[in-house]
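Breakdown of the fold
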Amino acid sequence: MKVVIIGGVAGGASAAARLRRLDEQAKIVLFERGEYISYANCGLPYYVGGEISDKKALTLQTPESFKSRFRVDVRIRQEVIAIKAEEKRVTVKNLSSGMIYDEPYDKLILSPGAEPSVPDLPGIDDPRIFTLRTIPDTYAIRNFIEEKKPASAVIIGGGYIGLEMAENFVAAGLSVTIVQRSDHLIPSLDYDMACGVHHYLRQKGVKLIFDDTPLAFRPQGDENLEIQLKKQILTAQLVLISTGVRPDSGLARGAGLRLNFRGGIVTDRHLQTSNPDIYAVGDAVEVRHFITGQPVMIALAGPANKQGRIAADNICGIPSVFNGSQGSSVLKIFEMTAAATGLNEKTAQAAGLDFGKAYTWSASHASYYPGASNISLKVLFEKGTGRLLGAQATGFDGVDKRLDVLATAIRAGMTAYELTDLELCYAPPFSSAKDPVNMMGYVIENLLTGKVEQFYWHDLDFLSSDPRVQIIDVRSEREFAAGHLEEAINIPLPQLRMSLDKLDAAKRICVICESGLRSYIACRILSQKGYDCAHLAGGWRLYAAVMQEQLCAGDAGRPRGSRLPRD
């Protein structure tokens, strides 16, 4: 059996290694149009900033080491320019010699990846404008910084690569501005969860521009580049385009393979394309979303590596399926961590799911042990069943651990009720006896069983002016003085039972505290005394973060009468 693989990075290299482990006799040919195979795409930004200083650290395998270990015929700088599916041949161009030749195959694996989505705008070819996909892209950016010593950079796009590059540009001494088309960074996060990230980035000196997009780029002398946005003009000495990726599926289209409307290669669960002798893996492939079952495009290294292994299994006669992706991802932003898995509110709404949401603000480990910091955690769940749909978290310690637990729980089909049963490792330096994941389970269980009702930060504008509502704030007098809703009556929680005369039993009582814990306790007290009560999900700290963000963004829709804490 002869297997030809097109593309030698995550999916392609994984497929080649698995094929050899399963079949020592197979002939395996791996084509890569670049100079490098099996390299660490996700590590590229950190070479620019100097966190990774050794170029060799970016390449997990060289063509020589891969061939030596796996006996794979690795051909770099050789680009497959056509697939002759009926003849079971590919046409290859040697980029060094210019020679063109055909290579036959029994089975073909496509792993072309995705390419940066670069807008076709005037001036886009300026040498000061970069994208980041490959090792040569990384070298080009770092060489430019070392030789030209730019003082400023504008990043178009606020996704994962854009934010990682923002950190590394700052580390390299540049002032940084991020331009984002939507109203928040990190599309996998909801707006309310991204607001804390925005605040932190501004503290780090990164300027953020939202709801804007470039129209043109114009040189201003030998050093500066003018960036014409829809709403304003910026000037920088380096520009990074990081507006997402699109599947590199030209070969598949030319071969007549079935594609989706975005150009993604359509496969079955075995990674087999519409041609039974051709498999496809990686960022160019349409996958099934694990939670909704709907077709999606998710460009992540983890799924790509798994798909390469699964395709190799099936070629070797081992029935193996890819059960879908839930988009688990994590991002380092200076000292902060942001992570997400599964659905966010936008994707849950698009899927037509009846979902609820819950927030917690729990310490990363026992609060009495030094170094604890709080994790902002948000989980979406199905209202009828409690099925977990998605999770998001930001913080400075323990974020990845909690999201990995929740990602595993989602993959296992667990409900929020079952989060309360999880027996997770505990010692004061690492967690609390009730881990933040357990606490989230308790919060959702209380909602599902009707022990408490909640309202959200986006409801306060209406509630604060509704004559049928009375708002009480159960934080301490000091906390209340630092920032509060002017319509709120301050009754610290320890005084609540003795202050019921201040409440209007004919009104709905809406309770506010800092994180949602004390307000929950207050609602349990009041509901058992006959009051119609609900509390603010996520607490004042979440509400204040969103309102501060709207002020920074110039949003006039800020609820009236809010006294926010000083920044």
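Look above for the structure.
Reading the values: the criteria
Residues numbered from 1 in each chain as written. Predicted model: local features only at pLDDT ≥ 70, side-chain atom pairs only at ≥ 80, totals over all residues. Heavy atoms only, no water. Pairing = 2+ DSSP bridges. Helix = DSSP H or I, 4+ residues; strand = E, 2+ residues; numbered from the N terminus. Axes fitted to C-alpha atoms, helices over the stretch in contact; angles between N-to-C directions. Salt bridge = Lys/Arg side-chain N within 4 Å of Asp/Glu carboxyl O. Buried < 20%, exposed > 50% of the residue type's maximum accessible area, 1.4 Å probe, protein only. Expected span 1.5 Å × (residues − 1). Arc of directions from axis to C-beta. Contact = heavy atoms within 4.5 Å. Left-handed = near helix turned anticlockwise from the far one by under 90°. Nonpolar A, V, L, I, M, F, W, Y, C, P; charged D, E, K, R; others polar.

It is worth spelling out the sheet that holds strand β25 (residues 355-363) at this point. Pairing between sheet strands relies on hydrogen bonds along the backbone, with the strands arranged either parallel or antiparallel. Taken in spatial order, the five strands make up an open sheet running β23-β24-β27-β26-β25, and their pairing is antiparallel. Only two strands of the sheet have a single neighbouring strand rather than two, namely β23 (329-333) and β25. Strand-to-strand twist across the sheet, computed as the mean angle between neighbouring axes with direction ignored, equals 15°. Taken together, the five bridges between β23 and strand β24 (residues 336-342) define a ladder with antiparallel strand orientation. Residue L331 lies in a different strand from β24, and its bridge partner there is A338.

Across all of its chains, the model carries 30 salt bridges by this definition. Here E514 ties to R475 by a salt bridge, and the two come within 3.1 Å at their closest N and O atoms. With E514 in the loop between β32 (508-512) and α15 (517-527) and R475 in the loop between β29 (469-473) and α14 (477-482), the pair connects residues that are 39 residues apart, well separated along the chain. A relative accessible area of 24% places E514 in the partly exposed class. For the salt bridge of E479 with R518, the shortest nitrogen-to-oxygen distance reads 2.9 Å. Taken together, the residues E479 in helix α14 and R518 in helix α15 connect sequence positions 39 residues apart. When salt bridges with common partners are traced through the structure, they connect D190, D192, E345, K357 and K378 into a single cluster.

Further remarks concern unusual backbone geometry. Positive phi values are uncommon outside glycine, yet R71 reaches one of about 50°. Mapped onto the elements, R71 comes out in the loop between α3 (63-70) and β5 (73-76). For D211, which is not glycine, the phi torsion reads 55° and is therefore positive.

Moving on to helix α10 (residues 399-411). Between its terminal C-alpha atoms α10 stretches 18 Å, which fits the 18 Å expected from 13 residues at 1.5 Å a residue. Buried within α10 we find V399, R402, L403, L406, A407, A409 and I410. Along the axis of α10, the buried positions cluster into a sector of 160°, meaning they face one direction only. Where the residues of α10 are buried, they touch β24, β26 (374-382), β27 (388-395), α11 (416-419) and α12 (436-448). In the stretch just after α10, G413 is the one whose phi turns positive, near 75°.

Another aspect to go through is helix α5 (residues 160-171). Here α5 contains twelve residues, and its C-alpha end-to-end distance of 17 Å stays within 8% of the 16 Å for a straight helix at 1.5 Å per residue. Most of α5 sits out of view: nine of its twelve residues are buried. Every buried residue of α5 is listed here: Y160, G162, L163, E164, M165, A166, E167, N168 and F169. One or two residues past the end of α5 sits G173, with phi positive at roughly 95°.

Describing two packed helices takes the angle between their axes plus the distance from one axis to the other. Two elements in contact, helix α1 (residues 10-22) and helix α8 (residues 301-315), have axes separated by 7 Å at closest approach and are oriented at 35°. Crossing geometry of α1 relative to α8 is assigned as right-handed. Contacts between α1 and α8 pair A10, G11, S14, A15, R18, L19, R21 and L22 from the former with A304, N305, G308, R309, A312, D313 and I315 from the latter. Of the residues assigned to the contact of α1 with α8, the class counts are seven nonpolar, four polar and four charged.

Along the chain, R258 falls in the loop between α7 (250-254) and β20 (278-280). Judged by its relative accessible area of 56%, R258 is exposed. With 17 residues separating them along the chain, R258 and N275 place their C-alpha atoms 8.6 Å apart. If near-sequence neighbours (up to four positions away) are discounted, R258 is found in contact with G264, I265, V266 and S274.

Moving on: the environment of L500. Positionally, L500 belongs in the loop between β31 (489-490) and β32. Taking relative accessible area as the criterion, L500 reaches 22% and is therefore assigned partly exposed. In sequence terms L500 and K529 are 29 residues apart; their C-alpha atoms lie 9.7 Å from each other.

Quick look at the side chain of S362 now. The residue S362 is located in strand β25 in this model. Look past the residues within four positions of S362 in its chain and what remains in contact with it is S373, N374, I375, P436 and M439.

In space, the three strands of this open sheet follow the order β6-β7-β8, with antiparallel pairing throughout. Two strands lie at the open edges of the sheet, namely β6 (78-84) and β8 (100-104), each paired on one side alone. Between one strand axis and the next, the sheet turns through 30° on average, direction left out of account. Where β6 lies against strand β7 (residues 89-94), six bridges are found, and the strand directions are antiparallel.

So, to be careful, I would describe these as geometric facts and stop short of saying anything about function.
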